[in-house]
Every structure is written in C-alpha cells, then in structure tokens.
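# Understanding the architecture of this molecule
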Amino acid sequence: MNMPVLERNVQGKSKLSFVDCDIHPIQRSEKDLHPYLSAHWREHMTTFGGHVRQGLIGQVMHPRMMAAGQRADAYPKNGGPPGSDLELMQQQHLDFNGVETGMLVALSRGGMEERNLDFAAALSSAVNDWQLHDWVEKDRRLKAGIVVPQEHAEHAVQEIDRRVQDEAFRQVIISPKSSEPLGRRRYWPIYEACARNNIVLGLHPAGVSGGNPSSGTGWGTYYMQEHYTFGTTTTGNLISMVIEGVFEKFPNLKVALIESGFSWAPALGWRMDKHWERMRKETPHLKRPPSEYLREHVWFCTQPMEEPETAGHLTEIIDWIGWDRIMFSSDYPHWDFDDPKYALNFKMTDKQRAGILRDNAKALYRLA
Amino acid sequence: MSRYVVAKAGEVAPGTSKLVTVKGREIGIFNVQGAYYALANTCPHEGGSLCEGRITGLVQSDGPGQYKLLRKGEFLRCPFHGWEFEVATGQSYCDPTSMRIRQFNVEVAPGEDVVKGPYVAESFPVSVEEEYLVVEV
Amino acid sequence: MKLPYHGAIDCDLHPAVPSTKALVPYLDDFWQDHLANRHIDRFGLTLSSNAPGLPISAREDWRPAQGLPGSDFELLRKQALDGFGLRYAICNVLHGAVALFNVDMAAALCTAVNRYVAKEWLDRDPRLRGSILVPPQNVDLAVAEIERCAGDKRFVQVMFLVMGDAPLGQRRYWPIFQAAEKHGLPIGVHAGSSFRQAPTGSGWPSYHLEDYLLQAPAFEDLIVSFLTEGVFQKFPGLKLVLAESGFTFLPTLLWRNNKVWRGARTEVPWIDRPPADIIRDHVRFTLQPVDAPDGKMLNRIFEHVGSDKLVLFSTDYPHPHFEGDDALPDGLSDDMIRRILIDNPLETYPRLRDAAGAANAQMNKEAVP
Ligand code: FES
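Our subject in this report is the structure included herewith.

Calculation rules
- Residues numbered from 1 in each chain as written.
- Chains lettered and ligands numbered in written order.
- Predicted model: local features only at pLDDT ≥ 70, side-chain atom pairs only at ≥ 80, totals over all residues.
- Heavy atoms only, no water.
- Helix = DSSP H or I, 4+ residues; strand = E, 2+ residues; numbered from the N terminus.
- Salt bridge = Lys/Arg side-chain N within 4 Å of Asp/Glu carboxyl O.
- Buried < 20%, exposed > 50% of the residue type's maximum accessible area, 1.4 Å probe, protein only.
- Phe/Tyr/Trp six-rings, centres within 6.5 Å; stacked < 30°, edge-to-face > 60°.
- Lys NZ or Arg CZ within 6 Å of the ring centre and 35° of its normal.

## Focus: unusual backbone geometry
- The omega angle of the peptide bond from Q303 of chain A to P304 of chain A is -5°, so this bond is cis rather than trans.
- In this chain, Q288 of chain C is followed by P289 of chain C through a cis amide linkage whose omega measures 0°.
- Note that P289 of chain C resides in the loop between β7 (283–286) and α12 (295–305).
- Even without being glycine, A67 of chain A reaches a positive phi, approximately 40°.

Written out as structure tokens, the structure is:
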C-alpha cells in the first residue's frame, strides 16, 4: 500500500548533535571586507569591482531557481543576504538543528573566480580574516576553510602556510570550476602545501566558470542543466586528479568533495578501472587501479542528497563507497539545503548514521 | 479532538496566510479566494516552514516554449526546495499520491457559538458580534 | 559469456573510416576537383578521439594483417557477423567531416560517406545496416542529407557525436529531429567530440584515457539537455540511442533529475511527469563497454535503473572491451539476455522491426506448401 507522506519521521527525536560540512557565510555587503583590505584594494574594489568570466554584474547567467538560490526563509529581517547574519544562522540552523561543528565554505568574494590575480590574492586573505574574526571568534562551533584562488598557486601556498597553524582553519577550499582540470600541474603546489601541512583539500564549485562552458556538450539552456553540471564537472576534476597521478605524488593528500553528491562515485571507479586497464601504458605513473585512489583519498559530502525512488538503493551505493567516507552537509542557507533530521532517510545502522552525521568528519578534520 | 479558536475571520485576507500555534503545533491558515484551509506548517519533504513559502499559481505548458500561469493563489511553494503544493488538498503537484501536507479542519464560526463552547479559546477574547476561525486538532 | 543463440542485433559496430581517396568517387565534380587542388584527398579525416593506434581502437586479434581495424570486410564478416551469429549489425562510421568548420565541405563529405557505406558495406551483406552521418554544423544541410538517405531502408538511424557545437537537445536542432521522427529514425549519439569545447567544465585534460572516460559525463549532460528542452514532448515518437559509453551512471542521473525537477519544474513546465519516466521511455544505451565489475553489480544497476528495456546489444567491434567471444557480461537472467540481444533493439529501431517482420512473413510463406 502506498501511504502518502504527511509528516516524515524525524530521525531520533532527541536533539541531534552533528557536524555540518557545508555552511555558507556571506558578507552583508562588500564593505564587510574593507577592514581586511589595504587602502589600495579597498579603492580597487569600489572602483572596478570583481572581474570574473561572465557577462552580468550581481547575477549569474543561469539565474537560480528559488529566491536567488537561497532558502526563502533565510533572509535576515534587517537586510543583507541569507548567510550574512550569525544570529539568524544560530537560531535557524546551528541551535535549531543541533550543529556541533559547522564547516564554513566562504564562496563569495574569496578570489576563486577573479581574473586579476593580485586582487584575487587580496580577496582570499581578506575573506579568511573575515571568517576568523566575524564568524569563528563569535561562535566557536564554526570552523573556517582557507579559501584560496586556485589559479594563483603561489599566493595559495603562502596563504595556506600562513593560516594552517590556526586551529580555526580545518581545510583548504578551491573551486572545481577551475580554468584547467584540477589534476594539471599548475595546481600541484597547492596540493604540495596541503600534503605538507596535513590539511584537507575541500573542493566546492563556485558560481562562475573558470572560462569553459559548464559541460563538455556546451552551455545548457536552463538552470536545471546547470545544476546537473556541478556533478559532472566534479567528476571531470576527480578523473583528472586521479589520472594525472596527484595521489601518487602526494600520498597523504585527502580530498573532500562538497556539494557534488556521491552516488555517482562507484560507477566512476568501475569505469576508470576498466579503461585504465586497456590504456595503462599511457599513464605509467599510476601504480594501482584508479578506483583505489578514489577509495583512499576522497571523502564525499552528502548534499544535494540523491533521493532514489527506492530509498534502500542509497544504502547499497554507500556500501560500495564505504561508510567511513560519507559526511553530512546541509548547504545552509542555499535552496537545495538538506535537513539533517530528514535527509538520511534510508536504512543504516546506528553506527553508520553516527559516522555520516559526525564521526567521519571528526576523524577527517581532526575535530575535538 | 478539540476545536480551537485561532483567529478572527477577517485577519487572514484572501491570498495570504497566518501562522498559529495550537497544542504546540504550528499550523498555517490560508485564505484562497474566501475559502479557508489549515495546513501543518511542516513540509512533508524535509520539514520546511510552509508559511514562509510563496503563494503562487499553477504553471502549465502546451509544449516546449509555452508557459501559462493558471489558478493564481491556489498553490504554495515550500521555502526550502520549492516543491509545489495545492493549498486546498495539501497535495504535492509532482507527487500527488505519496506526498501530502497534513491538513486540519477549519471553519468559520459565529461569535455566538464560540462563546457557548465547547471551544478552546483561552488566550482569545471572543465577542458575539464577530466571526472566528476554528481549527479542529 | 558467449551469446547463447544466433540472431542478436549488434547496435554499434565500426567499419573503418574510409580514406579521403576512397570517398572521392562518391563526391561530385566540384568537390573532387576542389579536394585534389588542396591536397585534401591525400589526408585522412579521422577524429583524433578515434586514432587507430590507440589500444582502445582495436583488439589485437581483430586487427587485419594490413589496413585499419574494421577495414577488411571478410574479416569483419567472419569475426563479427558470423562469429557472433548476428541477425543485424548497425555500422557506425565516425568520419571526421563532422569536425570541419566549412559546412558545405562537411555536408559533401557526409554525403560521400553515406554513399560509400551503402555501396561498399551494406550492399555486401544483407545483415548490415547503416547510420546516416549528417553535418551537425548546419541544420538545413543535415535535414537535406536525412531526406536524401531516408528512402534507403537499410539506414536505420541518424548519427551524431556527443560533444558538438552545443548541447544537442537545443531547439536549433529540432528540424533534424522532426525529419528523423517522420522517417522512423532514432537519433544515435556516439562517444566522440568535434572539439568545439573542452570535454570538462574545467577545460582540457592531459591524457587520451581521460578523454575516453569523459564521454560518460558528456552523455549525462546530453540526456539532461534532451530532457529539459522538451525534445520528447515535441517528438513523442523519437528515441535517443547513446553508443559506447556505458550506462552505470544512469541511476544517479535519474535520481538527481527526479529530485531537482520538483523544485525546478516551473522553469521547464513541459516536463509533465517525473524525468526518470521520460528517460526510461526514450533513451537507450548500447551494451559495450560495460562499466560494471561483474554480473552481480550489473543486476543491481538494472534494479536501480528500474527497467530492463534500456540496453541494446553491441559488440563495438573492433574496439576491445571483452575477451574472446564473451560479448555478454556474466550473470544476466535469460529474460534480460533476450531483451538485450533482440527485443530491445527491435523495439528501438522501427526499420529493423519492419525488416524483421518482413523476413519472418517471408519465412512463414515459404514454410507453407
Ligand atoms: S522541505 Fe519542502 S520542498 Fe523540501
């Protein structure tokens, strides 16, 4: 019998205590960054603004679906965009849902999409200062990611080395909407710095492209297509990192994929292994079947959670990936937010649930 | 089941909603062209607060490139993922058989009746001259 | 495993791309002269994704003593048609004309390829079928080529590469789909690129292996293009056949699109039922290469996909995806095998259905004294 869902079972009526691996803070306006920019770059920002690879100011060319891509209820009453008001974030998400640790991913004005590399460097440093002072110091549940412009490896390395001792920073963030696939050597200094400092590399797509259409078939017409390319673009980058031998070169590099889903990973592993077998002479630097690098080096954040017609199919998918590799993420305050009380709505043991909600992220990010 | 007086009838204008709390439960009272509906303020998908969503119409199409907006004011978009629900039935447009918002009975009762009881209206001064919205929970 | 019986329909088989010289007789006077002046006739027009030396381009035991893999008809007949006991085999000739910028030259060469395929291949064995190569660079010329070829019922589909000028579902391509639907021709899309843009959203990778792996995500984005543009609402009789990039990516694609549709529906309101249902009704996949580690996993994937109608048998001859004669993965049920080998191809290709129907009728007539 097919009973309608009226109110879904809330997982564990007792309050959750979980790690959220993807929370997006944003500036109320660019002025929030002024204290962290030199007079020169303040003036540059006011006069020239950002210079990215797209044709519109303050709007993307695939406008988002819901409320400018935000949860419609997450707009602060006193103005500013969703994610700009700590108090609302606490009330609506951190306290309300029981976030034990929230990993910040500061997408906006962090320089990942900026074409002027000196400005990108200034933005990246400013956004990291801003995360520290305006967020982490005000709510110790929050942890920052060191946002670096992936197209400016030199600055990225300096920024990583400068921040890494600070407990507040738990990973490095770059955008897989890069100008070249992330396995290409221009990015290797960033990986070297991550590996040397034993800090996780988090990949989160930024809004604007690095100069390529968002799919191998070209630009899609609709936002619904653009949304899908988050997954395929990340797939392309993962293929690149594996096949170029990044994980042979940096054997302790750990990568967290944020906001790209995960259910595609087993099929990717199978496909890579199958064709690598035939073609392996081309890539003698790879010592093992590609799927083994995936299994060892990559962690997956859940959002946007796939919702199969039969929920149990996800259990199988995670069996194939490994239960220690999946970490819950909400994407608060974006429109495709996953709610921790409902999203893990498929069969698993208590231990597996605890792993996804908390323990896997704690182990990876070495959270207390 | 008891009947709760939740608002004066005039308080919820057509095309709007009002969030009320009854027995610790959030309920949205919607007025669609003069007809009242009471829906749980919890989206059956992942619990979005439905009263924060936009009231909208039904978008239909005769084919690619054709758009029309019908039945304005009769649908509700969840503020989280934007799923559409018909206010009158609580049904999800995309998945009407298995996804539905919990509904409650709501009716307009004259103040005279309300004063007589057996309505629960502690926090609500009721006067005989007015009409009230009464929800059954 | 080996095919358990004769009569399978191979939906992706590759005769070699002919040399430009071999195509010259099929060109008109102007193009013959023009190609000779520019020495274009002295060079091949082979897509780089299809370079004959690549290990993925041919199985060692399927390379002829001389010439390109797939160029020797007798060998192909012996190894593929007879070897697998095929009833029909669809020839996909991936000629580089589709990558040229000069649309008229592209169209002339596509015409020559189709004439060549009809004469040099289809005429030689009644089991062979063809795909109409069209110039995707120009819709009018593509439609004209479909109209020119459609009378020859041995052509059973129209052929594209997955990565071209733009996502193929776009409205600019619809006259092609209209012509195809009218003539009972599915749209076949094969792995490959005309190199108009990088194969990933992040630019160009380094290795051939990556290019090959990246066909699968390109197919995903292509399916989403057909879905969101409403191609199947506009052309309800149309089938889309995706060749040579597996299908194990499909569960994620169905799940994600079903989910995002519920929020994004009003942007594309012509999608009037769950995307997974539309895709299951209209999109088909050739079998090889099978990107699943074993039959057990494969059966799980079929279960996740929720349909046994989607996969069409293919050998991808002479490309190497399996050893010996084991063109079928192990562990499939008898019903599934029959679906893949025969029923699904016949349900997908109206012209094969007609041909098979006519042949059966003929057999029955002969059987009656
Ligand atoms: S919670 Fe309402 S649509 Fe997802």
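## Thoughts on the pattern of salt bridges
All names here are of chain C.
- Inspection of the entire model under this criterion finds 52 salt bridges over all chains.
- In this structure, the salt-bridge partner of R77 is E74, at a minimum N-O distance of 2.5 Å. Taken together, the residues span about one helical turn, with R77 and E74 both in helix α3 (residues 73–82) at a distance of three residues.
- For R77, a relative accessible area of 26% gives the class partly exposed.
- Residue E74 is classed as partly exposed on the basis of its relative accessible area, which comes to 43%.
- Salt-bridge contacts for R148 lead to E145; the nearest nitrogen and oxygen are separated by 2.8 Å. Placement of both R148 and E145 in helix α5 (residues 139–149) is noted, with a separation of three residues, approximately one turn of the helix.
- You can call E145 buried: its relative accessible area is 5%.
- Here the residues in one salt-bridge network are E74, R77, D82, D125 and R127, joined through shared partners.

## A short note on the packing of aromatic side chains
- This model, assessed by the stated rule, comprises 25 aromatic pairs over all chains.
- Considering the side-chain rings of W41 of chain A and F119 of chain A, the 5.3 Å spacing of their centres and the 20° angle between planes classify their relative orientation as stacked. Placement of W41 of chain A in helix α1 (residues 39–47) and of F119 of chain A in helix α3 (residues 117–136) is noted, with a sequence separation of 78 residues between them. The two residues W41 of chain A and F119 of chain A agree in class, both being buried.
- The interplanar angle of 75° and the centroid separation of 4.8 Å between the aromatic rings of F30 of chain C and W31 of chain C together place this pair among those described as edge-to-face.
- Clustering of aromatic rings is evident, with ring pairs tying together W174, F177, F226, F232 and F235 of chain C.
- When the ring centre of F337 of chain A is taken as origin, the NZ or CZ atom of R71 of chain A, which lies over that ring, is 4.5 Å away.
- A cation over an aromatic ring shows up here: R59 of chain C above the ring of W62 of chain C, its NZ or CZ 3.7 Å from the ring centre.

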